[in-house]
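A structural walkthrough
Letter by letter, the chains look like this.
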Amino acid sequence: MSASDHTPGPWQLHKSDDTLVIGTDGREVAEACGDYTEEAEWPRMEANARLIAAAPELLAALKRAESHFGMLPSGMDEPGSVMAEIRAAIAKAEGRS
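Residues numbered from 1 in each chain as written. Predicted model: local features only at pLDDT ≥ 70, side-chain atom pairs only at ≥ 80, totals over all residues. Heavy atoms only, no water.

1. Focus: the packing of helix α1 (residues 42-53) against helix α2 (residues 55-69)
Between α1 and α2, whose axes approach to 5 Å, the crossing angle comes to 45°. Taken together, the axis directions place α1 and α2 in an arrangement best described as oblique. Taken together, the residues of α2 that come into contact with α1 (itself represented by L51, I52 and A53) are A55, P56, E57 and L58. A per-class count over the contact of α1 with α2 returns 6 nonpolar, no polar and 1 charged. (Axes fitted to C-alpha atoms, helices over the stretch in contact; angles between N-to-C directions. Helix = DSSP H or I, 4+ residues; strand = E, 2+ residues; numbered from the N terminus. Parallel < 35°, antiparallel > 145°, perpendicular 65-115°, else oblique. Contact = heavy atoms within 4.5 Å. Nonpolar A, V, L, I, M, F, W, Y, C, P; charged D, E, K, R; others polar.)

2. Remarks on the environment of R96
Counting through the fold element by element, R96 comes out in the segment after α3 (82-93). For R96, a relative accessible area of 54% translates into the label exposed. Leaving out residues up to four positions away in the same chain, R96 has contacts with I90 and A91. Side chain to side chain, R96 and E94 meet in a polar contact 2.9 Å long. (Buried < 20%, exposed > 50% of the residue type's maximum accessible area, 1.4 Å probe, protein only. Polar contact = N/O pair within 3.5 Å; in protein donor to acceptor, adjacent residues only side chain to side chain.)

3. Some points on the pairing of strand β2 (residues 17-22)
Relative to β2, strand β1 (residues 12-14) runs antiparallel, the two being bridged by 3 bridges. Its bridge partner being in β2, L13 is matched across the sheet by V21. Hairpin geometry of β1 and β2 is characterised by an intervening segment of 2 residues between the two adjacent antiparallel strands. Where β2 and strand β3 (residues 28-31) come together, 3 bridges link them in antiparallel fashion. Directly across from I22, in β3, lies its bridge partner E28. Between the end of β2 and the start of β3, which pair antiparallel, lie 5 residues, with G26 showing a positive phi angle near 85°. (Pairing = 2+ DSSP bridges.)

4. Focus on the pattern of salt bridges
In this structure the tally under the stated criterion is 4 salt bridges. Between K63 and E94 there is a salt bridge, with its nearest N and O atoms 2.7 Å apart. Of the two residues, K63 sits in helix α2 while E94 sits in the segment after α3, which places them 31 residues apart along the sequence. Residue classification places K63 among the partly exposed positions, given a relative accessible area of 31%. With a shortest N-O distance of 2.9 Å, R96 and E94 are connected by a salt bridge. Residue class for E94 comes out buried when judged on its relative accessible area of 11%. Through salt bridges with shared partners, one network takes in K63, E94 and R96. (Salt bridge = Lys/Arg side-chain N within 4 Å of Asp/Glu carboxyl O.)

Here is the structure:
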């Protein structure tokens, strides 16, 4: 899967169900599931949905950071470096890891 294969952002929480993530076309992208009968779980479910909804913007920001910081001197891409983490996260989002 390439980055262009996912539903384009921005994604947002559904107005009447804050655990449902929808795309710009109004279709469901994802749902943060949990035990709806357990009221204590609702904040976690909503937080998970917010994180999912932010995914397209987070990926775009990581790609901009990679492009910007990729011009810095070598050594910043060593294992364990921030640049390596950025590239690993992008690869994971694009299905390359």
